[in-house]
Amino acid sequence: ISFFEEFPTKKNLDKVKLIDFPTKLYIAAHSLDEFKSIKKQIKSKYVREIIYWPILKKKEGYWFSPFTKQKALKNTFKQLKGKNISVMFDMELPFSKLLIIKNLFQSHTNKHLINKFIKDHKKIYVCEYFIDSKLFSLFGLEYNKPKNHHLIKMAYSSMYDHGENKLNQVIQKYKKRFGNKFIMAYGVLTKGVLGWEKPITTSLLKRDLDIAKKNKVKEVILFRLGGLNKKYIKLLKEY
């Protein structure tokens, strides 16, 4: 069981002290230097790996997509070129949907740039919307054909419950395709950048974790570390 942390403040990172099982952290940062600085602050013998989750300014798109400002994409790729570092791209439509229109004519080039980086980088995780869509594929938000990357599918049941049957169906589809490189993201434990996310109940989280366990998903990521508390920890120790 791993954790996202979108806001790596001292208060949020200190929640790692509640963890007494092997884990991984996916830490958001605006630059590689910022990530390295944050990484030095994390002290825990249970944290086995810390993955860089690059985020951008909201006016640049915040998340990664072909509609992200091209200059921001190129700057991120330049920082990471030749670096032996694990990276996760959160592939979502831009924070400001106006960027879809503004960057429409650059989207084809941006899609090519993202594709090339995912293909070339040795340690890459791609995080996607849970439901497949021809529109998402057209928009360059789906990279679910096995290459060298790990695939993460986000199913935040506290925000939208897809139901047990759909969860099983999608997990089985991608577990067959990606094997142990397929990862599920569950939650949410607390709010994210949107500000209106509703924390998941322990009973609903237990259902989701049981589905992942039944389907032999090797890794589950919870959004996010800052929402971890004794109630959630008690449940996680069952796994």
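K.L.:
So what about the environment of glutamine 41? Which residues, and what values?
P.N.:
Secondary-structure assignment places glutamine 41 in helix 2 (residues 32-41). It is 15 Å that separates the C-alpha atoms of glutamine 41 and leucine 225, two residues lying 184 residues apart in sequence. In terms of polar contacts, glutamine 41 uses its side chain to reach the backbone carbonyl oxygen of serine 37, at 3.5 Å.

K.L.:
Hey, could you go over the packing of helix 7 (residues 164-178) against helix 8 (residues 202-214) for me, with residue numbers and the actual values?
P.N.:
Where helix 7 contacts helix 8, the two axes come as close as 10 Å, and the packing angle between them is 35 degrees. Our pair here, helix 7 against helix 8, has a crossing hand that is right-handed. In contact with Glu164, Leu167, Asn168 and Ile171 of helix 7, helix 8 contributes Arg207, Asp208, Ile211 and Lys214. Counted by class, the contact of helix 7 with helix 8 contains 3 nonpolar, 1 polar and 4 charged residues.

K.L.:
Can you tell me about a nonpolar patch on the surface, naming the residues and giving the values?
P.N.:
On the surface, a cluster of nonpolar side chains totalling about 450 Å² of accessible area is made up of Met159, Tyr160, Leu194 and Trp196. Considering the arrangement of structural elements, one finds tryptophan 196 in the loop between strand 7 (182-187) and helix 8. Owing to a relative accessible area of 55%, tryptophan 196 belongs among the exposed residues under this scheme.

K.L.:
Please give an account of helix 3 (residues 70-80) that cites residues and values.
P.N.:
Each full turn of the α-helix corresponds to 3.6 residues, which orients residues three or four apart in the same direction. Here helix 3 has its buried residues at Gln70, Ala72, Leu73, Thr76, Phe77 and Leu80. What you see down the axis of helix 3 is that its buried residues fit within an arc of 165 degrees, all on one side. Projecting away from the buried face of helix 3 at angles above 90 degrees are the exposed residues Lys71 and Lys78. Check the buried side of helix 3 and you find it contacts helix 2, strand 3 (47-54), strand 4 (87-90) and helix 5 (107-120). The positive-phi residue at the C-terminal boundary of helix 3 is glycine 82, with phi of around 75 degrees.

K.L.:
Describe the nonpolar core, naming the residues involved and giving the relevant values.
P.N.:
Core analysis: the biggest nonpolar cluster contains 58 residues, and Phe3, Phe89, Met184, Tyr186, Leu205 and Leu228 have the highest contact counts within it. In this structure, phenylalanine 3 is in contact with Ile19, Phe21, Thr23, Lys24, Leu25, Tyr26, Leu189, Ile221, Leu222, Leu225, Leu228 and Leu236, ignoring residues within four places of it in sequence. Counting 20 residues, the second largest nonpolar core, distinct from the first, contains Ala28, Ile51, Tyr156 and Phe223.

K.L.:
Just give me the short version of a positive patch on the surface, but keep the residues and values in it.
P.N.:
On the surface, Lys36, Lys39, Lys40, Lys83 and Lys123 cluster together to form a positively charged patch. Relative to the elements of secondary structure, lysine 83 occurs in the loop between helix 3 and strand 4.

K.L.:
Any details on the packing of aromatic side chains? Residues and values, ideally.
P.N.:
Across all of its chains, the model carries 16 aromatic pairs by this definition. With a centroid separation of 5.5 Å and 90 degrees between ring planes, the pair formed by tyrosine 26 and tyrosine 125 is classed as edge-to-face. Of this pair, tyrosine 26 sits in strand 2 (residues 23-29) while tyrosine 125 sits in strand 5 (residues 124-129), and the two are 99 residues apart along the sequence. When sorted by exposure, tyrosine 26 lands in the same class as tyrosine 125, which is buried. An aromatic cluster is present here, built from Phe4, Tyr26, Trp53, Tyr125, Tyr156 and Phe223 joined pairwise through their rings.

K.L.:
Which residues make up the packing of helix 3 against helix 5, and what values do they have?
P.N.:
Remark: helix 3 packs on helix 5, axes separated minimally by 10 Å, with the N-to-C direction vectors making an angle of 15 degrees. In terms of orientation, helix 3 lies roughly parallel with respect to helix 5. Taken as a pair, helix 3 and helix 5 cross one another with a handedness that is left-handed. Residues Gln70, Leu73, Lys74, Phe77 and Leu80 of helix 3 form the contact with helix 5, whose own contacting residues are Thr109, Asn110, Leu113, Ile114 and Phe117.

K.L.:
Can you tell me about unusual backbone geometry, naming the residues and giving the values?
P.N.:
Cis peptide bonds are those with omega within 30 degrees of zero, and the linkage from glycine 187 to valine 188 qualifies with 5 degrees. Note that the residue after phenylalanine 223, namely arginine 224, is joined by a cis bond; omega there is -5 degrees. Positioned with a positive phi, tyrosine 62 is a non-glycine residue whose angle comes to about 70 degrees. Using a relative accessible area of 5% as the deciding quantity, one classes tyrosine 62 as buried. Its identity is not glycine, yet lysine 216 carries a phi of approximately 60 degrees, on the positive side. Looking at where lysine 216 falls in the secondary structure, it is placed in the loop between helix 8 and strand 8 (219-223). Residue classification places lysine 216 among the exposed residues on the basis of a relative accessible area of 65%.

Cut-offs applied
Residues numbered from 1 in each chain as written. Predicted model: local features only at pLDDT ≥ 70, side-chain atom pairs only at ≥ 80, totals over all residues. Heavy atoms only, no water. Helix = DSSP H or I, 4+ residues; strand = E, 2+ residues; numbered from the N terminus. Polar contact = N/O pair within 3.5 Å; in protein donor to acceptor, adjacent residues only side chain to side chain. Axes fitted to C-alpha atoms, helices over the stretch in contact; angles between N-to-C directions. Left-handed = near helix turned anticlockwise from the far one by under 90°. Contact = heavy atoms within 4.5 Å. Nonpolar A, V, L, I, M, F, W, Y, C, P; charged D, E, K, R; others polar. Patch = residues over 30% accessible without salt bridge, like charges linked within 9 Å, V, L, I, M, F, W, Y side chains within 5 Å. Areas by Shrake-Rupley, 256 points an atom, 1.4 Å probe, with all protein chains shown as cover. Salt bridge = Lys/Arg side-chain N within 4 Å of Asp/Glu carboxyl O. Buried < 20%, exposed > 50% of the residue type's maximum accessible area, 1.4 Å probe, protein only. Arc of directions from axis to C-beta. Core = buried A, V, L, I, M, F, W, Y, C linked by side-chain atoms within 4.5 Å. Lys, Arg positive; Asp, Glu negative; His and termini not counted. Charge placed at Lys NZ, Arg CZ, Asp CG, Glu CD. Phe/Tyr/Trp six-rings, centres within 6.5 Å; stacked < 30°, edge-to-face > 60°. Parallel < 35°, antiparallel > 145°, perpendicular 65-115°, else oblique.

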